[in-house]
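Summary of the model geometry
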Amino acid sequence: MKEILSKDTKDYSKICLEKVINMGIDFKLNNKFKEKNYDISNFSELLEIPNKGTELNELLDYFKNEIMPYCSNFSNEKFMSFPDSGNSTAAISGAILSDFLQQNLINSSFCAPIATHMEIAVIKWLRELLGYEIKEIKNIWDVGGVITYGGTGSNATAMLLARENHNSKTMIEGVKSPENYKVVIPKGIAHYSIRSSLMWIGCGNNILEVPTKDYRYNLDELKKTLIENKGKIMSVVCYVGDSRTQSIDNLTEIYKLVKEIDENIWLHADACHGFSLAFSKKLKCKIEGIQYFDSISTDPHKVLATPYCISALLIKDPENFKLVTSSSDLIMQEDYAFGQVTPFIGSKSWVSLKLWFMIKNIGIEKIGQMIEKRCEMAQYLSKKIINSNDFVLLNSVNINSVVFMYVQDKEKLDSINIKKINEKNIDIHKQLSEEGIYHLHQFSLTDDNGIIKQGEVLFPLRYMSGNPNITKKDIDDMLTYLRKLALK
Ligand SMILES: Cc1ncc(COP(=O)(O)O)c(C=O)c1O
C-alpha cells in the first residue's frame, strides 16, 4: 500500500516529503502576505467527502495551487500584525521530527522516556530564565511546569490551580458559591481566556475589572477592590505584555500589595509575550518581580520563532500541581508521567521538541539579541509616528506593540471628530485586508493616556512583529503605504 510508509514505499515517501519541505520553504519566502483572497463560495467543495483517494503527489499539487495561495504568510515582511513568524529552521525541524517520532508524553517509561526528560529540561530552562528557584528534579512533582497547546490552556490551568488553592475541596465537592471565587483583571486589556476559563471551571463570570492607567493597573483602585472583596478573591491576574499594547504591569508593587492584603490570593502573570524579555540581559529588568508570582503563562509560539502550538505554564512551588492531579490506572503511576499533572490534556504530543531544537540551536544569548532587535524596530516605528504630522501613538512602547492612528493633522487634535477618525482607521484596515499586501491588526482600545480623548473607545492600527527579517525600510514603506490608503 503506497499510501503507508513502509520499507517498500520508502523512496516514494522520501520524494513526497521532499516536495512538502520545498513547498513549505517557498511559501514562507513568498513575496506576498496573501496571494489571493479566499472566496467563501468554495466552502461547499471543501465539504465534499472524499470517497476515493487522491495520489499524494497529485494531492500536494492541488494543495499548492488551490489552497496555499489563500493562506496568510506570517513570515512575509509586510505581515506586521502578529508577534512571530515561526521562522527558526531548527524549530521547524523539531516540529516535523516530533510527528515522525510519535512519542506520547502522557506516560514516561514506555512511550516517551527521553522525550519526557527533554521536556522537563525545556521547562527547567524557562523557569531558570524567569528567576524561579530550581530544585533537584527527582519526579514529576519537582518539575514546576507543564507544556500546553497555547496560552489559553496555560491560563485555564492556572485558574484551576487558583481555584484549588482558594478551596482545596473544590475538585471533589464542586463550586458551591461561585461569587466567592472572584478573579481580578485589568479593565479593557485582559485576554478573554481568563474570563472563559472561569466559566469552563465552574466559577462563573465572577470577574472584577479594575481601571487602568497607561494600560497597567491603577494601584489605588486595585487596593480598593482587594479590600472590598477580601476573602472572596481567588486570583489577581497581571499582564507582562498584554495582547493589545504589550504593556508590562508593576510586578513587584502588585506582588507586595496583593500579598499584604491576602497572602492566599494566587498571583498569576500572563507573560505569554513578555517572558521573551528574560532571554535578554539588557531587557530582563523590565520584568523584574515576575519571579514572585505563583504562576506564569509563557507562549513560545508567539515570540520564539517557533511554529504553533506550544505554551508552558510555570509555577513557583512545583508541589502545587498536587492540587489538580489526575489519578487513574490508565496513567502510569510512575515518577515522571506528565499525565498526572496536565489537566485537560490526555495524549500529549512532543510539542516541546521544536522549542528544544530552537533554544539549543540559537542559544540564549543570540535569542536575547533577536528579542532586542524586535523591540528596537518597534521603537523605530514609534519615533517615526511621534515625529509625523498625521499619526498619533497611543501606547508607551514596552515590547514590540505600536498602537497608532491616522489623524490627518495632529495640530487639530483638539477639534477632532472621534467618530470620523475611527471610521477612517477602520477603512484603512479594511483596504489592507482586501488588498493582502500589508497586514496590521485592529481592535477597540480605550484611550487610557488621553492622547485623543481620555476614556474614548478608539479603533487604532497595531504594528507588532517578531519577524527577524523585517527591516527599517519595510517599516518606512508601510507608513508610506498607509498614507496612500488614507488619502484615497
Ligand atoms: C496575553 C495573551 N494571553 C493569552 C493568549 C492566548 O494564547 P493562545 O492563543 O496561544 O491560546 C494570548 C493570545 O493572543 C495573549 O495575547
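In case you missed it, the structure is sitting above this.
Now for a description of the structure that goes with this document. (Residues numbered from 1 in each chain as written. Predicted model: local features only at pLDDT ≥ 70, side-chain atom pairs only at ≥ 80, totals over all residues. Heavy atoms only, no water.)

1. Side note on helix α5 (residues 113-130)
- Given a rise of 1.5 Å per residue, 18 residues ought to cover 26 Å, and the 26 Å separating the end C-alpha atoms of α5 matches this to within 8%.
- Three or more residues of α5 are buried, namely Ala115, Thr116, Met118, Glu119, Ile120, Val122, Ile123, Leu126, Arg127, Leu129 and Leu130.
- Looking at the residues trailing α5, positive phi occurs at glycine 131, about 95 degrees. (Helix = DSSP H or I, 4+ residues; strand = E, 2+ residues; numbered from the N terminus. Expected span 1.5 Å × (residues − 1). Buried < 20%, exposed > 50% of the residue type's maximum accessible area, 1.4 Å probe, protein only.)

2. So, the state of the cysteines
- Enumeration according to the criterion identifies 0 disulfides in this entry.
- Free cysteine: cysteine 285, not disulfide-bonded; nearest cysteine sulfur from cysteine 375 at 11 Å.
- Look at cysteine 285 and you get exposed, because its relative accessible area is 56%. (Disulfide = S-S within 2.5 Å.)

3. Let's talk about the packing of helix α13 (residues 418-435) against helix α14 (residues 472-486)
- Axis separation between α13 and α14 bottoms out at 10 Å; the angle between their running directions is 110 degrees. Classed by the angle they form, the pair α13 and α14 counts as roughly perpendicular. In this structure, the crossing between α13 and α14 has a hand that is right-handed. For the pair α13 and α14, the contacting residues are Lys424, Ile428, Gln431, Leu432 and Glu435 in the first and Tyr481, Leu482, Leu485 and Ala486 in the second.
- Here the residues of the contact of α13 with α14 are counted per class, giving 6 nonpolar, 1 polar and 2 charged. (Axes fitted to C-alpha atoms, helices over the stretch in contact; angles between N-to-C directions. Parallel < 35°, antiparallel > 145°, perpendicular 65-115°, else oblique. Left-handed = near helix turned anticlockwise from the far one by under 90°. Contact = heavy atoms within 4.5 Å. Nonpolar A, V, L, I, M, F, W, Y, C, P; charged D, E, K, R; others polar.)

4. Comments concerning the site of the ligand
- Thr152, Asp270, His273, His301 and Lys302 are the nearest of the 13 residues found near the ligand.
- Take aspartate 270: an N or O atom from its side chain is 2.6 Å from a nitrogen atom of the ligand.
- Its free accessible area being 390 Å², the ligand has 81% of it covered by the protein chains.
- It is helix α6 (residues 151-166) that contributes the most residues to the shell around the ligand, 3 residues altogether. (Near = heavy atom within 4 Å. Polar contact = N/O pair within 3.5 Å; in protein donor to acceptor, adjacent residues only side chain to side chain. Areas by Shrake-Rupley, 256 points an atom, 1.4 Å probe, with all protein chains shown as cover.)

Honestly, it's all geometry; don't read function into it.
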